[in-house]
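Summary of structural features
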Amino acid sequence: MFIDNCGMTGAQLAILIQAVCELRCFKSIVYRMNCINEQAISCMYSLLARRPPNHLQQLKFIDCGMTATQIELLMQVLIDSASRLQSLALVNAD
């Protein structure tokens, strides 16, 4: 999934992530030049906790203006979920 500069809010991203969690196999999220919030990051837990072969492999946040608190929350969700990500990118995070 590639979401690029479409004016999406963090709340809308949270709803989208909850819907994606219903899919059996989902491999990549690239989120560029949109807003993010703690709610959306927290919703990622169940997606990140998936085990192979249905696990999320790539997660990229590009130019999303993430705060230090949001980055810390994301790192905690990654640790708590025992994520199997192969690629994580936080480009121009704050």
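For the structure given in this document, a descriptive report is provided here. Predicted model only: the values in this text are computed from it and were never measured.

The step from P52 to P53 runs through a cis peptide bond, and the omega angle for that step is 10 degrees. Its place among the elements puts P53 in the loop between α3 (45-48) and β3 (58-62). Backbone geometry places D63, a non-glycine residue, at a positive phi of 55 degrees. Among the secondary structure elements, D63 is positioned in the loop between β3 and α4 (68-80). Its identity is not glycine, yet N92 carries a phi of approximately 50 degrees, on the positive side. Relative to the helices and strands, N92 is located in the segment after β4 (87-91).

Reading the values: rules and limits
Residues numbered from 1 in each chain as written. Predicted model: local features only at pLDDT ≥ 70, side-chain atom pairs only at ≥ 80, totals over all residues. Heavy atoms only, no water. Helix = DSSP H or I, 4+ residues; strand = E, 2+ residues; numbered from the N terminus.

Treat this as a map of the structure, not an account of what it does.
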